[in-house]
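# Remarks on the overall topology
So the chains spell out like this:
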Amino acid sequence: REIPTDRLVLAGPTRLTTFRYMLNTYRPSPRGHAPERDALSVVLRTHHETLEVLWLPTETAPFQTLRSLKWPSLLELRLRGELVQSDNSLLSALGNMPNLRLLKLDVALPRDTSPQPVWPPGEIGTYSWPMLEDVQISFPCMDDQLYGHLPHTLRRLSLRFFPHRIVHHWCTT
């Protein structure tokens, strides 16, 4: 009998504080990552209260799981990979990360795709990151309301291309 993946947890008394799972940046866009996304969901549901550092590829990141959990210990979130269209799930997930200090979004844009805001225009919320010090966003969107909600603790804001346009064009031709 198969157990639904939303009921699976990892056994053991471990207190996982760092989880880094990154894929090769320069690869053809893979599709059909449901089993991988399910496995990542199990890890995150089991350790969301103790994780301090979380690195995930955007293509397989379980955004529904990220959005549905509280992240009281998370200090660093890094997402890297191709742009994934979402329904504000990243902003909703960030709202559950009150102790975040570093947010790094290295998101490559597929051809003929426009940058997407982290905080879309008109989105209303009371998200707060009082300890946020470092934000790095690739392909920033001019209409992103995130910039107007950054705290006074911010020490560095990096807006840049990722991967660099030359590398991106070289790898996609």
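This text follows the structure it describes.
Residues numbered from 1 in each chain as written. Predicted model: local features only at pLDDT ≥ 70, side-chain atom pairs only at ≥ 80, totals over all residues. Heavy atoms only, no water.

The end-to-end C-alpha separation of helix 1 (residues 34-47) is 20 Å, in line with the 20 Å expected for 14 residues at 1.5 Å each. Among the residues of helix 1, Leu40, Ser41, Val42, Val43, Leu44 and His47 are the ones counted as buried. (Helix = DSSP H or I, 4+ residues; strand = E, 2+ residues; numbered from the N terminus. Expected span 1.5 Å × (residues − 1). Buried < 20%, exposed > 50% of the residue type's maximum accessible area, 1.4 Å probe, protein only.)

Turning our attention to the environment of Pro35. Locating Pro35 in the fold gives a position in helix 1. Pro35 gets classed as exposed once you look at its relative accessible area, which sits at 62%. Remark: the alpha-carbon pair of Pro35 and Thr60, spanning 25 residues in sequence, is separated by 9.3 Å.

The next point concerns the packing of aromatic side chains. Centre distance and the angle of the planes are the two values used to describe a pair of aromatic rings. With the rule as written, the count across this model stands at three aromatic pairs. Taken together, a centroid distance of 6.3 Å and an interplanar angle of 85 degrees make the contact between Trp119 and Trp129 edge-to-face. Here Trp119, found in the loop between strand 4 (102-108) and strand 5 (134-138), pairs with Trp129, found in the loop between strand 4 and strand 5; they are ten residues apart in sequence, far enough to count as distant. An identical accessibility class is assigned to Trp119 and Trp129; each is buried. Connected via pairs of aromatic rings, a cluster forms that spans Trp119, Tyr127 and Trp129. We note Arg20 situated over the ring of Trp55; from NZ or CZ to the ring centre the distance is 4.6 Å. (Phe/Tyr/Trp six-rings, centres within 6.5 Å; stacked < 30°, edge-to-face > 60°. Lys NZ or Arg CZ within 6 Å of the ring centre and 35° of its normal.)

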